[in-house]
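Chain residues, written in single-letter form:
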Amino acid sequence: LYSNYTMIIHAVQKFLDIIFGSLTSSIGNLLNATSKQESYKVFKNIFFATSWLVGFCSVCLYVLLNPFITLWLGEKYVFENYVVFFIVLNFYLMFIRRPANTFKHCAGYFRNDRYKPYIESVINLLTSIWLAQKYGIGGVFMGTAIATISACVYVEPYILYKHFYERNVLEYFKMFSKYMAVTVLSVFVIKLFALPMRSLNYLSFIYQMGLCVIIPNVLFYLFFRKTSEMEYFKNLVFTILKKVSKRKG
């Protein structure tokens, strides 16, 4: 059953891996060529873009995975909603950590969290075995999420902020909380608009897919339209459009 989900999720992961893989060398050059203050602005921009993109992908996966598999293979191949939630949560946590982790590695802080993988593995193994006895396969995904949150989500930005940027890591988690809240809100709004479509068919699936494309992007824009990060990307888009128009002219 899980292989049907992983096939779809891995396709999204490959797309995101290409984006983050191309950033690594650029971040290394950035940290060597600019001040910490300037690089911190870039970090916030990348973290914002990552949160938007990963949030959008996570919303689409959570809302559309079960309907898609139901239409494709049938209801007997579908997990319960809480299992899908933890599958998508692990996907979200995997990629939302990338900016802090990449900046930390490019800044040269490899040894500060050298014990983290061992701690994460032990927590993952113990919690997954314990929770699997109570919740089945859903417990395994719960254990992975617990291990990631307890051993990675806090440690990686803490090292970056304390040792490199010399800032309070609460700044990071304030941003993180806002971005995650808008992602969760997007799911609730989509579910609310999808209520009239009670029966699942190809038309209702396309309708939900349209909601997934529109609502997360609209909410992210509305909530963060006045931030410096949004201003940066709006200026970037306008600059690119001007260059394109000049070339066509």
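Preceding this paragraph is the structure being described.
Since we're looking at a predicted model, the values are computed, not measured. (Residues numbered from 1 in each chain as written. Predicted model: local features only at pLDDT ≥ 70, side-chain atom pairs only at ≥ 80, totals over all residues. Heavy atoms only, no water.)

Engineer: Honestly, helix 5 (residues 116-135) in this entry has me stumped. Any pointers?
Structural biologist: Structurally, the α-helix is built with 3.6 residues per turn, so residues lying three or four positions apart point the same way. Here helix 5 is 20 residues long and its end C-alpha atoms lie 27 Å apart, about the 28 Å a rise of 1.5 Å per residue gives. Of the positions making up helix 5, those classed as buried are Lys116, Thr127, Ser128 and Leu131. Buried residues along helix 5 sit in contact with helix 4 (98-106), helix 6 (137-153) and helix 7 (155-165). Phi turns positive one or two residues past the end of helix 5, at Gly136, with a value near 70 degrees. (Helix = DSSP H or I, 4+ residues; strand = E, 2+ residues; numbered from the N terminus. Expected span 1.5 Å × (residues − 1). Buried < 20%, exposed > 50% of the residue type's maximum accessible area, 1.4 Å probe, protein only. Contact = heavy atoms within 4.5 Å.)

Engineer: Please clarify how a nonpolar patch on the surface should be interpreted in this entry.
Structural biologist: A contiguous nonpolar patch, built from Val184, Leu185, Phe188, Ile206, Met209, Val213, Ile214, Val218, Tyr221, Leu222 and Phe223 and spanning about 1,000 Å² of accessible area, is present on the exposed surface. Contributions of two or more residues to the nonpolar patch are made by helix 8 (170-194) and helix 9 (202-224). A per-element tally of the nonpolar patch places helix 9 first, with eight residues. By the element assignment, Tyr221 lies in helix 9. Owing to a relative accessible area of 36%, Tyr221 belongs among the partly exposed residues under this scheme. (Patch = residues over 30% accessible without salt bridge, like charges linked within 9 Å, V, L, I, M, F, W, Y side chains within 5 Å. Areas by Shrake-Rupley, 256 points an atom, 1.4 Å probe, with all protein chains shown as cover. Salt bridge = Lys/Arg side-chain N within 4 Å of Asp/Glu carboxyl O.)

Engineer: So what exactly am I meant to see when it comes to the pattern of salt bridges here?
Structural biologist: Pairing is possible between side chains that carry opposite charge, provided their charged atoms lie close to one another. Under the criterion given, the structure shown has nine salt bridges. For the salt bridge of Glu156 with Arg97, the shortest nitrogen-to-oxygen distance reads 2.8 Å. Linking Glu156 in helix 7 with Arg97 in the loop between helix 3 (81-96) and helix 4, this pair joins segments that are 59 residues apart in sequence. Here the two residues Glu156 and Arg97 agree in accessibility, since each one is buried. Here Glu231 and Lys234 are joined by a salt bridge, their closest N and O atoms 3.2 Å apart.

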